[in-house]
Amino acid sequence: MVFRAIIFLCLLNLFALGAQKIEVYAKDFYLDEKNETSVLTGDVEVKKGKDVLNSQKLVIYMKNKQPVKYIATKDAKFKIMMKDKTYHGSGDEFVYNVAKDTYEINGNAKITEIQTKKELIGDKIIVDRKNMTYRVVSKDKKPAKFVFEVKE
């Protein structure tokens, strides 16, 4: 029988960031305490407040039993809230650096601001939540793309 595994109460400390609760679901969960890594596979979902990350594989790197980096691959998609705006995004790889509070989307990167339909598209998009900055990088002579509407 295929089912979602809920991380046991004793493991919740691994995913605690401040006082905010993080919920992690997956079909398979592997924890390597010695190397401080967790590998989740199969319909992975991570919820932190209103932010949601979905993928088929997620690797969580920890230091002193606290997460420092999340790397989601295989159909990585997310929804994040910043300054009362909702962003949906996707890419081949999604990296969240906890200390820097930055998101990096690598390969077929796309972010859409839901309220305004603005889009960022490129090979790599870096979002710095602390500084509210965005960087779009493209390779192989393909342009980065920014799509928005202008009221006239």
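The text that follows walks through the structure, step by step, so that each part is easy to find. (Residues numbered from 1 in each chain as written. Predicted model: local features only at pLDDT ≥ 70, side-chain atom pairs only at ≥ 80, totals over all residues. Heavy atoms only, no water.)

What to know about the pairing of strand E6 (residues 66-82)
Thinking step 1. Bridge count for strand E5 (residues 51-63) against E6 is ten bridges, and the pairing is antiparallel. Across the sheet, the residue bridging to Ile60 is Tyr70, located in E6.
Thinking step 2. Taking the residues that link successive antiparallel strands as the turn, the E5-E6 hairpin has two residues, and the phi of Asn64 there is positive, at about 55°.
Thinking step 3. For E6 and strand E7 (residues 85-97), the ladder comprises twelve bridges, and the chain directions are antiparallel. Residue Thr73 lies in a different strand from E7, and its bridge partner there is Glu93. (Pairing = 2+ DSSP bridges. Helix = DSSP H or I, 4+ residues; strand = E, 2+ residues; numbered from the N terminus.)

Topic: the side chain of Asp101
Thinking step 1. Looking at where Asp101 falls in the secondary structure, it is placed in the loop between E7 and strand E8 (102-113).
Thinking step 2. Judged by relative accessible area, which is 18%, Asp101 ranks as buried.
Thinking step 3. Filtering out sequence-adjacent residues up to four positions away, Asp101 remains in contact with Tyr96, Val127, Asp128, Arg129 and Lys130. (Buried < 20%, exposed > 50% of the residue type's maximum accessible area, 1.4 Å probe, protein only. Contact = heavy atoms within 4.5 Å.)

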